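The lines below spell out each chain.
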Amino acid sequence: MKLDHIGIAVHSIEKALRSYQVAMGLEMEAAVNVEEQKVKVAMLPVGESRIELLEATDPTSPICRFLAKRGEGVHHICFKVQDLDRKLAAFRKAGIQILPDADGTGYQGRRIAFLHPRSTHGVLIELVEE
Ligand code: ZN
(Lines give C-alpha, C1' and ligand atoms only; values in the text may rest on other atoms or scores of the structure.)
Protein backbone atom coordinates (compact mmCIF):
# COMPACT_ATOMS: atom_id res chain seq x y z
CA MET A 1 0.00 0.00 0.00
CA LYS A 2 1.01 3.56 -0.66
CA LEU A 3 -0.50 6.78 0.65
CA ASP A 4 -2.63 8.11 -2.21
CA HIS A 5 -4.08 11.21 -0.62
CA ILE A 6 -5.32 12.95 2.51
CA GLY A 7 -8.93 14.12 2.30
CA ILE A 8 -9.79 17.43 3.97
CA ALA A 9 -13.41 18.52 4.42
CA VAL A 10 -13.95 22.21 3.71
CA HIS A 11 -16.94 24.53 3.49
CA SER A 12 -15.65 26.07 0.28
CA ILE A 13 -12.94 24.79 -2.05
CA GLU A 14 -12.58 28.27 -3.47
CA LYS A 15 -11.73 29.65 -0.03
CA ALA A 16 -9.53 26.69 0.89
CA LEU A 17 -7.49 27.18 -2.28
CA ARG A 18 -6.44 30.59 -0.97
CA SER A 19 -4.50 28.72 1.73
CA TYR A 20 -3.42 25.55 -0.07
CA GLN A 21 -2.81 26.89 -3.57
CA VAL A 22 -2.07 30.58 -3.24
CA ALA A 23 -0.41 30.82 0.19
CA MET A 24 1.25 27.38 0.33
CA GLY A 25 2.02 27.27 -3.38
CA LEU A 26 0.61 23.82 -4.18
CA GLU A 27 -0.43 23.22 -7.77
CA MET A 28 -4.01 22.15 -8.44
CA GLU A 29 -4.27 19.01 -10.56
CA ALA A 30 -8.03 19.18 -11.09
CA ALA A 31 -11.35 20.22 -9.60
CA VAL A 32 -14.19 17.86 -10.44
CA ASN A 33 -17.58 16.75 -9.20
CA VAL A 34 -17.84 13.16 -8.02
CA GLU A 35 -21.60 12.73 -8.39
CA GLU A 36 -21.80 9.37 -6.68
CA GLN A 37 -20.16 10.73 -3.50
CA LYS A 38 -22.00 14.08 -3.71
CA VAL A 39 -18.79 16.03 -3.46
CA LYS A 40 -16.69 18.49 -5.38
CA VAL A 41 -13.03 17.49 -5.23
CA ALA A 42 -9.84 19.48 -5.78
CA MET A 43 -6.61 17.49 -5.98
CA LEU A 44 -3.28 19.09 -5.13
CA PRO A 45 -0.20 16.90 -5.56
CA VAL A 46 2.41 16.88 -2.80
CA GLY A 47 5.37 14.64 -3.61
CA GLU A 48 4.04 11.17 -4.42
CA SER A 49 0.81 11.91 -2.59
CA ARG A 50 -1.94 14.51 -2.81
CA ILE A 51 -4.18 16.73 -0.74
CA GLU A 52 -7.85 16.23 -1.60
CA LEU A 53 -10.12 19.15 -0.73
CA LEU A 54 -13.73 18.04 -0.37
CA GLU A 55 -16.78 20.27 -0.59
CA ALA A 56 -20.35 18.94 -0.32
CA THR A 57 -22.59 19.38 -3.35
CA ASP A 58 -25.73 18.16 -1.60
CA PRO A 59 -27.12 18.40 1.97
CA THR A 60 -27.17 14.58 2.13
CA SER A 61 -23.46 14.37 1.30
CA PRO A 62 -21.32 12.64 3.95
CA ILE A 63 -19.10 15.74 3.87
CA CYS A 64 -22.06 17.89 4.89
CA ARG A 65 -22.73 15.63 7.87
CA PHE A 66 -19.03 15.64 8.81
CA LEU A 67 -18.82 19.45 8.69
CA ALA A 68 -21.96 19.83 10.82
CA LYS A 69 -20.59 17.43 13.43
CA ARG A 70 -16.88 18.20 13.50
CA GLY A 71 -16.21 21.26 11.38
CA GLU A 72 -13.48 21.57 8.76
CA GLY A 73 -10.47 19.31 8.97
CA VAL A 74 -8.95 15.96 8.03
CA HIS A 75 -11.79 13.70 6.89
CA HIS A 76 -9.93 10.58 5.76
CA ILE A 77 -6.65 9.19 4.53
CA CYS A 78 -6.49 7.06 1.40
CA PHE A 79 -4.25 4.13 0.52
CA LYS A 80 -3.65 2.84 -3.00
CA VAL A 81 -4.05 -0.92 -3.36
CA GLN A 82 -3.48 -3.30 -6.26
CA ASP A 83 -6.46 -5.62 -5.85
CA LEU A 84 -9.31 -4.03 -3.89
CA ASP A 85 -11.43 -7.18 -3.52
CA ARG A 86 -8.52 -9.22 -2.22
CA LYS A 87 -7.51 -6.46 0.20
CA LEU A 88 -11.08 -6.10 1.52
CA ALA A 89 -11.36 -9.85 2.02
CA ALA A 90 -8.08 -9.88 3.94
CA PHE A 91 -9.15 -6.93 6.11
CA ARG A 92 -12.54 -8.56 6.85
CA LYS A 93 -10.75 -11.72 7.87
CA ALA A 94 -8.55 -9.67 10.20
CA GLY A 95 -11.68 -8.23 11.88
CA ILE A 96 -11.66 -4.81 10.27
CA GLN A 97 -15.13 -3.47 9.57
CA ILE A 98 -15.80 -2.23 6.03
CA LEU A 99 -18.44 0.47 5.59
CA PRO A 100 -21.47 -1.25 4.04
CA ASP A 101 -22.24 1.39 1.42
CA ALA A 102 -18.58 2.02 0.78
CA ASP A 103 -17.97 0.08 -2.41
CA GLY A 104 -18.25 2.70 -5.09
CA THR A 105 -16.65 4.94 -7.58
CA GLY A 106 -14.41 7.84 -6.65
CA TYR A 107 -12.31 10.50 -8.29
CA GLN A 108 -11.38 9.61 -11.90
CA GLY A 109 -13.79 6.66 -11.84
CA ARG A 110 -11.48 4.58 -9.66
CA ARG A 111 -12.97 1.84 -7.46
CA ILE A 112 -13.00 2.79 -3.80
CA ALA A 113 -14.05 1.43 -0.41
CA PHE A 114 -13.97 2.74 3.14
CA LEU A 115 -12.90 1.11 6.41
CA HIS A 116 -14.93 1.93 9.49
CA PRO A 117 -13.15 4.38 11.85
CA ARG A 118 -14.15 2.08 14.73
CA SER A 119 -11.74 -0.49 13.33
CA THR A 120 -8.94 1.97 12.64
CA HIS A 121 -8.70 3.96 15.87
CA GLY A 122 -10.84 6.86 14.83
CA VAL A 123 -9.55 7.44 11.30
CA LEU A 124 -11.74 6.92 8.24
CA ILE A 125 -9.60 5.05 5.73
CA GLU A 126 -10.33 5.01 2.03
CA LEU A 127 -8.90 2.38 -0.27
CA VAL A 128 -8.53 3.07 -3.95
CA GLU A 129 -7.69 0.50 -6.60
CA GLU A 130 -4.78 1.45 -8.82
ZN1 ZN B 1 -10.46 10.55 -0.82
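Residues numbered from 1 in each chain as written. Predicted model: local features only at pLDDT ≥ 70, side-chain atom pairs only at ≥ 80, totals over all residues. Heavy atoms only, no water.

Enquirer: Which residues make up a positive patch on the surface, and what are the values?
Expert: On the surface, Lys-38, Arg-65, Lys-69 and Arg-70 cluster together to form a positively charged patch. Tracing the sequence through the fold places Lys-38 in the loop between β2 (30-34) and β3 (39-46). By relative accessible area, Lys-38 is classed as partly exposed at 33%. (Patch = residues over 30% accessible without salt bridge, like charges linked within 9 Å, V, L, I, M, F, W, Y side chains within 5 Å. Areas by Shrake-Rupley, 256 points an atom, 1.4 Å probe, with all protein chains shown as cover. Salt bridge = Lys/Arg side-chain N within 4 Å of Asp/Glu carboxyl O. Lys, Arg positive; Asp, Glu negative; His and termini not counted. Charge placed at Lys NZ, Arg CZ, Asp CG, Glu CD. Helix = DSSP H or I, 4+ residues; strand = E, 2+ residues; numbered from the N terminus. Buried < 20%, exposed > 50% of the residue type's maximum accessible area, 1.4 Å probe, protein only.)

Enquirer: I'd like a description of the layout of surface pockets, backed by residues and values.
Expert: Estimates place the volume of the largest pocket at around 950 Å³. Along the wall of the largest pocket there are 34 residues; nearest its centre are Pro-62, His-75, Leu-99, Phe-114 and Leu-124. Elements with a contribution of two residues or more to the lining of the largest pocket: β3, β4 (49-56), α2 (62-70), β5 (73-81), β7 (111-115) and β8 (125-129). Examining the composition of the lining of the largest pocket, we find that six residues originate from one element, α2, more than from any other. For the second largest pocket, the calculated volume is near 160 Å³. Around the second largest pocket, the lining residues are Met-1, Lys-2, Lys-80, Val-81, Gln-82, Asp-83, Arg-86, Lys-87 and Glu-130. Sorting the residues of the lining of the second largest pocket by element identifies β5 and α3 (84-93) as the ones contributing at least two each. In terms of residue class, the lining of the second largest pocket is made up of two nonpolar, one polar and six charged. (1 Å grid on protein atoms, 1.4 Å probe; cavity = no way out; pocket = protein on both sides within 12 Å on 5 of 7 lines; lining within 4 Å. Points joined across faces, edges and corners; volume = space filled by probe spheres on them. Nonpolar A, V, L, I, M, F, W, Y, C, P; charged D, E, K, R; others polar.)

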